[in-house]
Amino acid sequence: MGVTTVTAARILKGQLQGRTGEEGLLNFEKFPYIGLSKVYNQDFQTPDSAATATAFLSGVKTNIGVVGLDGRSRFRNCSTATGTEVSSMLDWSQSAGKSTGIVTNTRITHATPAAAYAHAAYRGWEGDVDIRDDNAEPCIDISKQLIDDNPDINVIMGGGRRTFLRADELDPETNSNSSDGRLDGRNLIDDWEQYQATNGRRYKYVWNQSGFDSVDPETNDYLLGLFNPSHMEYELDRGDDTGGEPSLEEMTEKAIRILRKNPKGYFLLVEGGRIDHAHHGTRAVKSLHETLAFDDAVQKAVDLTCESDTLIIVTADHSHPFSIGGYASRGNDIFGLVDDNAGGYQVAQDGKPYTTIAYGNGPGSWVLDDTTRPDITNDITDADYEFQAVVPLYSETHSIEDVAIYARGPMSHFFHGVHEQHYIAHVMAYAACVGDYRRSVKCDRARRRYLSSAWQALGQRKRRRYR
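Throughout what follows, the structure given in this document is the object of discussion.

Criteria and cut-off values
Each chain carries its own residue numbering, running from 1 in the direction its sequence is written. It should be noted that, the model being predicted, local features are given only for residues of pLDDT at least 70 and side-chain atom pairs only at 80 or more, the latter also being counted only at that level, while totals for whole chains, interfaces and linings use all residues. Side-chain numbers here rest on the full set of heavy atoms in the structure, without hydrogens or water. Elements are defined by DSSP. Helices are runs of H or I of four residues or more, strands are runs of E of two residues or more, and each kind is numbered from the N terminus. In this setup the radius of gyration rests on C-alpha atoms only. A globule is expected at 2.2 Å times the number of residues raised to 0.38. A simple rule labels every residue: compare its accessible area, found with a 1.4 Å probe on the protein chains alone, to the largest value its type can have, and call it buried under 20%, exposed over 50%, or partly exposed in between. Contact between two residues is taken to exist if any of their heavy atoms lie within 4.5 Å; hydrogens are not considered. Surface accessibility follows the Shrake-Rupley procedure with a 1.4 Å probe radius. Residue values consider only the protein chains on display as shielding. Note that His is not counted, nor are the chain ends; the positive residues are Lys and Arg, and the negative ones are Asp and Glu. By convention, the charge on Lys lies at NZ, on Arg at CZ, on Asp at CG and on Glu at CD. A pairing counts as a salt bridge when a side-chain nitrogen of Lys or Arg comes within 4 Å of a carboxyl oxygen of Asp or Glu. By the criterion applied in these results, polar contacts are pairs of N or O atoms within 3.5 Å in which, for protein atoms, one can donate a hydrogen and the other can accept it, and in which residues neighboring in sequence qualify only through two side-chain atoms. In plain terms, two cysteine sulfur atoms within 2.5 Å form what is called a disulfide here. Fitted lines through C-alpha atoms serve as axes, helices being fitted only where they are in contact, and the angles separating the N-to-C directions of these axes extend from 0 to 180 degrees. In what follows, roughly perpendicular refers to angles from 65 to 115 degrees, roughly parallel to angles under 35, roughly antiparallel to angles over 145, and oblique to any angle outside these ranges. When residues are grouped by polarity, Ala, Val, Leu, Ile, Met, Phe, Trp, Tyr, Cys and Pro land in nonpolar, Asp, Glu, Lys and Arg in charged, and all others, Gly among them, in polar. Residues form patches when they are more than 30% accessible in relative terms and have no salt bridge. Like charges link within 9 Å. Nonpolar side chains (Val, Leu, Ile, Met, Phe, Trp, Tyr) link within 5 Å. When DSSP finds two or more bridges between a pair of strands, those strands are recorded as paired.

1. Structural notes on the overall build of the protein chain
Within the protein chain, the secondary structure is distributed over 13 helices and twelve strands. Over its C-alpha trace the protein chain gives a radius of gyration of 23 Å, about what one expects of a compact globule, namely 23 Å for 467 residues. Taking the principal axes of its C-alpha atoms as reference, the protein chain extends roughly 85 × 55 × 45 Å. Buried residues in the protein chain amount to 54% of all 467 residues. Within the protein chain, counting contacts between residues at least 6 apart in sequence, those at least 24 apart form 66% of the total. If you sum the accessible surface of the protein chain, you get close to 20300 Å²; carbon and sulfur atoms cover 49% of it. Measuring between centres, the 49 positive side-chain charges of the protein chain sit 14 Å from its 66 negative side-chain charges.

Next comes the structure, spelled out in structure tokens:
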């Protein structure tokens, strides 16, 4: 979700509301503080989400493709994982007695959510079949790490059900089993439920919309929701899902209502990960609609929290080689051909029209015979249209430019310029008084103020009681 994605989504939002679009703002663009994040990995100029998420969640830059490990680890080398593990904002929050949650519309074991709780030399080790195929024993797959090592996370919602079920089990939605199913004979969902029951907790596991709707945040403290065998549906396709699945906004609301019951506070990671996936396919229509769905989730978080006590940060793992250009007139369809402001279209040097949106590389390459660009006048109306790219690749890549950081709430003023990406984790920890900052001067002062106000409140209650 780079700056060009934000700009294009802003225009789309306005055009969907019947305006020209350029003059509007996304909800998170209204936040009072903004900075920039440098997204390179320790070993790669252009990053991936495993290393970038590790950076902004753990405060340590690391190597491409690894999750929850520092730079001493080596990609896809299981033996280098031991001793290189790093803790995350989720770990620090749990140690401080706070509630924690992860919400995503990707697989819950995908790179960004996995960086909050897992440690793996390869982001692709999501299930034990992946460990076997890579001869990566004795490393533990990410699904198993989530259930065995992190059963105290209060809210877990996303896709990725297939690596939690046994290989011989039928998925409740597809009524088939998966080649990604577990080989160790375990059903990790059952194991999660057994752990919660053994510990006397109020919990629920759900896999579809009706189950999600039945969850009462006031009577449930632990929630596991796995709404698809793989990633959840794109927002534009969500209505076609067989079992039905909640929106990112709905999941965010449910998560906050569960987590905010803890008087010590909470940490919640919300990822709109399908923005990235649509860009990889040069499917800009879906990517920008995913951005708007994410923006709705941000607004729901704003509505349910107070700026005086809740820090909200909106940022991205990385950007994409996604461009918007050409001299289109004000209000021209963001997905359309660049107009000539006279009822026709601007044409390129080959005499053919072109779109405002283009990609630097990806599957939407216009190359047919090394020289000829197709005429796209009638080809760009479908939501799955692959916008033209310069370099033909199976999948569009990431890009290296800085991404924005938008912030509101306590300590949000610390985002004020160009920052290393791992700086974000330190601001979060400092604001929440967790991790290395749990005993900082600022946090000790805050505790004294809290205790003083608590004693004053207690004294007032006692005085009222004996009047």
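2. Thoughts on the pattern of salt bridges
Scanning the model with the defined rule gives 33 salt bridges in all. A salt bridge links Arg-186 to Asp-191; the shortest N-O distance between them is 2.8 Å. In this structure Asp-191 comes out as partly exposed when scored by relative accessible area, which is 24%. Taken together, the salt bridges that share partners define one network made up of Arg-19, Glu-22, Glu-23 and Arg-330.

3. Regarding the side chain of Thr-310
Along the polypeptide, Thr-310 turns up in the loop between α11 (284-304) and β7 (312-314). Overall, Thr-310 belongs to the buried group, its relative accessible area being 16%. A distance of 2.9 Å separates polar atoms of two side chains, one belonging to Thr-310 and the other to Asp-309. Among residues more than four places away in sequence, those in contact with Thr-310 are Thr-305, Arg-408, Gly-409 and Pro-410.

4. Quick notes on the state of the cysteines
Each disulfide consists of a covalent bond between the sulfur atoms of two cysteine residues. Here the structure, examined in full by the defined rule, presents one disulfide. The disulfide partner of Cys-78 is Cys-139, and the gap between their sulfur atoms is 2.0 Å. When the S-S torsion is 110°, as for the bridge of Cys-78 with Cys-139, the disulfide is right-handed. Of this pair, Cys-78 sits in the loop between α2 (49-58) and α3 (89-95) while Cys-139 sits in the loop between α5 (128-133) and α6 (142-149), placing them 61 residues apart in sequence. A relative accessible area of 12% means that Cys-78 is categorised as buried. Judged by its relative accessible area of 16%, Cys-139 falls in the buried class. Residue Cys-306 stays outside any disulfide, its sulfur separated by 17 Å from that of Cys-433, the closest cysteine.

5. Considerations on the environment of Asn-208
You can see Asn-208 is positioned in the loop between β4 (203-206) and α8 (209-213). Classification of Asn-208 as buried rests on a relative accessible area of 12%. Those residues in contact with Asn-208 that lie beyond four places of it in its chain are Phe-227, Gly-243 and Gly-244. One polar contact links Asn-208 to Ser-210, side chain to side chain, over a distance of 3.2 Å. Looking at Asn-208, its side chain comes within polar contact range of the main-chain nitrogen of Gly-211, at 2.8 Å.

6. Considering the packing of α6 against helix α7 (residues 188-198)
Look at α6 against α7: their axes get within 9 Å of each other, and the N-to-C directions meet at 10°. As summarised for this structure, α6 and α7 are arranged roughly parallel, according to the angle between their axes. Mapping the contact onto sequence places Ser-143, Lys-144 and Ile-147 in α6 and Leu-188, Asp-191 and Trp-192 in α7. Split into classes, the residues belonging to the contact of α6 with α7 amount to three nonpolar, one polar and two charged.

7. Looking at the packing of helix α1 (residues 3-16) against α11
Put simply, α1 and α11 touch, their axes get as near as 9 Å, and they point 80° apart. Comparing the axis directions of α1 and α11 gives the class roughly perpendicular. Facing α1, whose interface residues are Thr-5, Ala-8, Ala-9, Leu-12, Lys-13 and Leu-16, α11 presents Leu-288, His-289, Thr-291, Leu-292 and Asp-295. Its residues assigned to classes, the contact of α1 with α11 comprises six nonpolar, three polar and two charged.

8. Re a nonpolar patch on the surface
Where nonpolar side chains cluster on the molecular surface, the patch consists of Val-390, Val-391 and Leu-393 and spans about 230 Å² of accessible area. Looking at the element boundaries, Val-391 is found in strand β10 (residues 389-392). We classify Val-391 as partly exposed; its relative accessible area is 40%.

9. A short note on the sheet that holds strand β11 (residues 403-408)
Read from one edge to the other, the open sheet built from four strands follows the order β7-β11-β1-β12, with strand pairing classed as mixed. Both outer strands of the open sheet, β7 and β12 (418-420), are each paired with one neighbouring strand and no more. Across the sheet, the axes of successive neighbouring strands diverge by a mean angle of 35°, strand direction being ignored. Here β7 runs beside β11; their pairing, made up of three bridges, is antiparallel. When the bridges of β11 are listed, Val-314 appears paired with Tyr-406.

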